[in-house]
Amino acid sequence: MTITHILCHKGIGETLAVAYAGDTPVALFADVWDEPDRLWVGQSFSARLRHRSADGRGAFLETPTGDTVFMETAPASAVPMGEAMPVRIVAEARRGKHARVSTASPSAPPAPQDSLAAWHAALPGAQAPAIETAPDPETLHTVLSTA
């Protein structure tokens, strides 16, 4: 799939964006400004291991802001309780589930510093096109409400 264009609307209290492959919306972005501490995909930080899941297949970590995130894989099994480790958000919190993280290399390039830039950088394809201002913001609202 090749992203052909991206439309964005920055309105009062929200930023909306839709990536298109031709005329088909293929990726959506919505950021509500009243959630300044929300964890977003691509964000990197150091999180402390708080406890492992009962089934042993994952671990819960605490972020610098006090949020809890979940790591599904084994890297946390080698880390002592309370130890900090570099992580990166791979899925945002939704439907009552914690945000998911994976380990991040301390030498990895820094993640974009805002959620729209991180979303743009994570789009599929080698190089996503530049973000354009939507001529009609209602189009974006319609696509997002339909999704």
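Let me sum up the structure you'll find in this document. For every chain, the first residue of the written sequence is number 1, and numbering continues from 1 along that sequence. Per-residue local features are limited, in this predicted model, to residues with pLDDT of at least 70; the limit for side-chain atom pairs, both in listing and counting, is 80 or more; totals at the level of whole chains, interfaces and linings are taken over all residues. The side-chain figures draw on all heavy atoms in the structure; neither hydrogens nor water molecules are used.

Our focus in this paragraph is the pattern of salt bridges. Throughout this description, the term salt bridge denotes a Lys or Arg side-chain nitrogen within 4 Å of a carboxyl oxygen of Asp or Glu. All chains considered together, the criterion is met by 3 salt bridges. Between Glu62 and Arg50 there is a salt bridge; the shortest N-O distance is 2.7 Å. In this pair, Glu62 sits in strand β5 (residues 59-62) while Arg50 sits in strand β4 (residues 44-52), placing the two residues 12 residues apart along the sequence. What makes Glu62 partly exposed here is its relative accessible area of 30%. Ionic pairing is found between Asp55 and Arg57, a salt bridge with its closest N-O pair at 3.5 Å. Of the two residues, Asp55 and Arg57, neither departs from the other in class, the shared state being exposed. Helix numbering and strand numbering both begin at the N terminus, where a helix is a DSSP run of H or I of at least 4 residues and a strand a DSSP run of E of at least 2. Each residue's exposure class comes from its accessible area (1.4 Å probe, protein chains only) as a fraction of the maximum for that residue type: buried when under 20%, exposed when over 50%, partly exposed otherwise.

Below, the discussion takes up the sheet that holds strand β6 (residues 68-71). To summarise the sheet geometry, strands pair through backbone hydrogen bonds and adopt either a parallel or an antiparallel arrangement. At least two DSSP bridges between two strands are needed for those strands to be called paired. Spatially, the 5 strands close up into a barrel ordered β4-β5-β6-β8-β7, and their pairing is mixed. When the angles between neighbouring strand axes are averaged without regard to direction, this sheet yields 55 degrees. Relative to strand β8 (residues 99-103), strand β7 (residues 84-91) is paired through 4 bridges, and the arrangement is antiparallel. Following the sheet pairing, Val87 is matched in β8 by Thr103. To define axes, lines are fitted to C-alpha atoms, for helices over the stretch in contact only, and angles between the resulting N-to-C directions are given on a 0 to 180 degree scale.

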